[in-house]
Amino acid sequence: MSEYQYYEFLAIDQPLDEQQQLELRDLSSRADISATRFVNEYHWSDFRGRPRVLMERYFDAFLYFANWGDRQLMLRLPAGLLDLETAQRYCVDDDLTSAWQHGDHVILSFTYRDESGEWEYTSDPKLGVLLPIREEVAGGDYRALYLAWLTTIGLYLDWEDIDVEEVEPPVPAGLSKLTGPQRALVEFLRIDEDLLAVAAQASAPLGARPSDDGLAKFVESLPQNEKDALLVRAANGDGSGIADLRRRYRSLHATAPLTGSRTVGELLDAASGREAVKR
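These notes cover the structure that comes with them.

How each quantity is defined
- Residues numbered from 1 in each chain as written.
- Predicted model: local features only at pLDDT ≥ 70, side-chain atom pairs only at ≥ 80, totals over all residues.
- Heavy atoms only, no water.
- Helix = DSSP H or I, 4+ residues; strand = E, 2+ residues; numbered from the N terminus.
- Buried < 20%, exposed > 50% of the residue type's maximum accessible area, 1.4 Å probe, protein only.
- Contact = heavy atoms within 4.5 Å.
- Salt bridge = Lys/Arg side-chain N within 4 Å of Asp/Glu carboxyl O.
- Pairing = 2+ DSSP bridges.
- Axes fitted to C-alpha atoms, helices over the stretch in contact; angles between N-to-C directions.
- Expected span 1.5 Å × (residues − 1).
- Arc of directions from axis to C-beta.
- Phe/Tyr/Trp six-rings, centres within 6.5 Å; stacked < 30°, edge-to-face > 60°.
- Lys NZ or Arg CZ within 6 Å of the ring centre and 35° of its normal.

Next up on the list: the side chain of T111. Mapped onto the fold, T111 is located in strand β7 (residues 105-112). Judged by relative accessible area, T111 falls into the buried class, the value being 7%. The residues contacting T111, other than those within four sequence positions of it, are R71, Q72, D95, L96, T151 and L189.

Applying the stated criterion across every chain yields a total of ten salt bridges. Between D13 and R134 there is a salt bridge; the shortest N-O distance is 2.6 Å. Placement of the pair is D13 in the loop between β1 (5-10) and α1 (18-25) and R134 in helix α5 (residues 132-138), with a sequence separation of 121 residues. The exposure class assigned to D13 is partly exposed, which follows from its relative accessible area of 26%. In this structure R134 comes out as buried when scored by relative accessible area, which is 10%. D194 is paired through a salt bridge with R274; the nearest N and O atoms lie 2.8 Å apart. In this pair, D194 sits in helix α8 (residues 193-200) while R274 sits in helix α12 (residues 264-278), placing the two residues 80 residues apart along the sequence. With a relative accessible area of 5%, D194 lands in the buried category. Shared partners join several salt bridges into a network, and the residues in it are D13, D60, R76 and R134.

We now examine the sheet that holds β7. Sheets are built from strands paired through backbone hydrogen bonds, the pairs being either parallel or antiparallel. If you trace the seven strands from one edge of the open sheet to the other, you get β2-β3-β1-β4-β5-β7-β6, paired in antiparallel fashion. The open sheet has two edge strands with one neighbour each: β2 (32-33) and β6 (97-102). Along the sheet, helix α7 (residues 180-188) contacts β4 (61-66), β5 (71-78) and β7; its crossing angle with β5, the most-contacted strand, is approximately 140°.

Let us now look at α12. Between its first and last C-alpha, α12 extends 22 Å over 15 residues, near the 21 Å set by a 1.5 Å rise per residue. When α12 is considered as a whole, its buried residues turn out to be V264, G265, L267, L268 and A271. Looking straight down α12, one finds its buried side chains confined to an arc of 165°; they lie on one side. Summarising the geometry of α12, the exposed residues directed more than 90 degrees from the buried face are D269 and V277. Packing partners of the buried residues in α12 comprise α6 (143-155) and α8.

Scanning the entire structure with this criterion turns up 13 aromatic pairs. Ring centres 6.2 Å apart and planes at 35° place the aromatic pair Y7 and F62 in the tilted group. Here Y7, found in strand β1, pairs with F62, found in strand β4; they are 55 residues apart in sequence, far enough to count as distant. As far as burial versus exposure is concerned, Y7 and F62 are alike and both buried. Geometrically, the ring pair formed by F9 and F59 is tilted, given 5.0 Å between the ring centres and 35° between the ring planes. Separated by 50 residues along the polypeptide, F9 in strand β1 and F59 in the loop between α2 (51-57) and β4 bring together distant segments of the chain. We classify F9 as buried; its relative accessible area is 0%. With relative accessibility at 0%, the residue F59 sits in the buried group. Counting every residue linked through ring pairs, the aromatic cluster contains Y7, F9, F38, Y42, F47, Y58, F59, F62 and Y64. One residue, R30, lies across the ring of Y42, its end atom 5.5 Å from the ring centre. Against the face of W100 rests R52, its NZ or CZ located 3.8 Å from the ring centre.

The structure is reproduced here in structure tokens:
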């Protein structure tokens, strides 16, 4: 099979202006570039740009896929919707799962690298399927962050420098009942299903889904000047205020993450034992 690499960037909160599109064109003469999207495929060469820098300057989402098994997802959120310290609790390896702040944004990077040489090509991942994860995280649902952490320790299975005494980060509720985009992330990051099942054993059930009536009452209780400010921001194309409103309302009803208590070694041993039972 010949070499194949796919790069896709999306601008969601703020479209690219003409100057920004010209700057991106300098990186590739063949890329599909618009006010909201940059896409390119490579069969014999590499992308000249640096995805991390492009995320800091222009974009809110990024997907990379190579047919030898490597893949990466990056998401950029307003810092007011995701606390950097919270995100970094789930980041234990800068090469695989990382979070950093650039200006008014926090950027997440989730990476899977195939070290076995046994990866089997099935189909191209799609950024559109994974994109709702950005809104979920912005709304205070951190299951995707925990899944990314599981990817990191799952890859440690073949490495010798694993810290088996490291304690897991806070365990979000609902790991046994993932959303569609979260299931797509499990597939994208090739998370071991036995490891996921073991991790979910310590995850509390999701609380009741907040009702539309409850949300309406919550909005009604807000000060008028705050509601007016939210409407102005939304009318100007800034959706972060609405996302923050959803996050605040969800926090009143969501089940808080449980403090992690299991070590990496305990999780990996339990996953290996579960796999052995199925044989």
